[in-house]
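Chain and residue survey
Residue strings, one per chain:
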Amino acid sequence: MPEEVIIVRESKNLSGTVNVSGAKNSALKLIAASILGQGESVIHNVPLISDIDIMCKVVERLGGKVTREGHTLRVDTAAVADRETPYELVSKMRASISALGPMVARFGHARVAMPGGCQIGARKIDMHLVGMSVLGVKFEVDHGFLEASAPNGLHGGDIMLEFASVGATENTMMTAVVAQGRTTIENAAREPEIVDLANMLNEMGCKVHGAGNSTIEIEGVSLESLHPCEHTTVGDRIEAGTFLVGGALMGGPLRVEGIDPAFLRMAIIKLKQMGCLVETGEDWIEVRRVGDLKPTDIQTLPHPGFPTDLQAQFMLLCALAKGSSLVTENVFENRFMFAEEIMRMGADVSLDGHHAVVQGVDKLEGAPVSCTDLRGGAALVLAGIAAEGETIIHDIHHIDRGYEDYVGKLAALGANVRRGTLGQSDVWR
């Protein structure tokens, strides 16, 4: 079949208002957590993206039932009985490993295919296993599957994570909610998505305290006391940050709505350092720029540090700034693949290990490029909006994994962008 691509032509500006979808990295884990509810949970503000479709299929293969009404999911896990997540689904998306904790908590056993997803780093799941092992879970690897069991039941314990891993925090938290006694997770991830998951767990009858801080305490409850709930997913801070970068790139003014500005404090600081004017309200952020982009230095860190998922987008800003910037990637070792693609468009980037020196250039030129990962792909579309001529972006399935109607939203803001078929770039549909 012909390859679908995104075709971008130089645009005059990006301005207006865009509504942020529900957070991909939260909704995926909320769907997994519904396994603990043993009934029909209702989750609102769920984005229409392919990763969500895969997670829904995982739940359905386990015996659950998922129905969608717009941005609302009804996830009925009462009949979940199968304890194995299939390779053909799990291999497409790393987040499916988040079903491990709820399945062990509910059944005392799970068989999960080793996860896949974006090729932006090894992202080993060792820390997931270390945390759950403290709770009494035993692990074996069998022909590409991870076998987890709790032969003597689950019990609370004190867990110190080597790194503030989001996935390890989530899986450990979802296992500990039914472990007998008290569990403490130290050096826990502090991302807003962790808080969102903890809030849903508490709505289901769990007792999770301290989410959003580096120490989380969990009082174990009986599985029988848990129940379904109704919950609304928080706004997607990475989607919001991506559109803010677009506004900063082209001048704006561009407002994103449906997002707590506190989720993006470090990104907002960097936008201001680069010469942008940023205003915030209770659930909105607006950016505009009238002068040149200024260079800045960025280093990715776990929240509340600068998010790795916005590194590619801000590298794009640095590529057009007046001066030299240093970008340091501390989270994923392969996340500079985006740099190689933007260099095809004329960017001046020198790579040295986990550092990238970005020397600003006067302009970018349209070129054929390929998405190497989800966030890098979104940044390439923005690069095409600012570049002279036409840019054709390949492998756009990466973008569809995490951005709902990305092209449509950009077009509504004034971008000259369409989806099309390879070889028919002159046919806009």
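Look a little higher up for the structure.
Definitions and cut-offs
Residues numbered from 1 in each chain as written. Predicted model: local features only at pLDDT ≥ 70, side-chain atom pairs only at ≥ 80, totals over all residues. Heavy atoms only, no water. Helix = DSSP H or I, 4+ residues; strand = E, 2+ residues; numbered from the N terminus. Rg over C-alpha atoms; globule rule 2.2 N^0.38 Å. Buried < 20%, exposed > 50% of the residue type's maximum accessible area, 1.4 Å probe, protein only. Contact = heavy atoms within 4.5 Å. Areas by Shrake-Rupley, 256 points an atom, 1.4 Å probe, with all protein chains shown as cover. Salt bridge = Lys/Arg side-chain N within 4 Å of Asp/Glu carboxyl O.

**Notes on the overall build of the protein chain**
When helices and strands are counted, the protein chain shows 14 helices and 24 strands. In terms of C-alpha radius of gyration, the protein chain reaches 22 Å, essentially the compact-globule figure of 22 Å for 429 residues. With the C-alpha coordinates aligned to their principal axes, the bounding extent of the protein chain is approximately 65 × 45 × 40 Å. Scored against the burial criterion, the 429 residues of the protein chain give a buried share of 57%. Residue pairs at least 24 apart in sequence account for 73% of intrachain contacts in the protein chain once pairs closer than 6 positions are excluded. Of the roughly 16,300 Å² of accessible surface on the protein chain, 47% is carried by carbon and sulfur atoms.

**Quick word on the pattern of salt bridges**
A full pass over the atoms with the stated rule returns 20 salt bridges. With a closest N to O distance of 3.3 Å, Asp142 and Arg111 form a salt bridge. Of the two residues, Asp142 is situated in strand S8 (residues 138-142) and Arg111 in strand S7 (residues 109-113); the sequence distance between them amounts to 31 residues. Arg111 sits in the buried class, given a relative accessible area of 17%. A salt bridge links Arg182 to Glu219, with the nearest nitrogen and oxygen atoms 3.7 Å apart. Here Arg182 is found in strand S11 (residues 182-186), whereas its partner Glu219 is found in strand S13 (residues 215-219), with 37 residues between them in sequence. When its relative accessible area of 44% is taken as the criterion, Arg182 is described as partly exposed.

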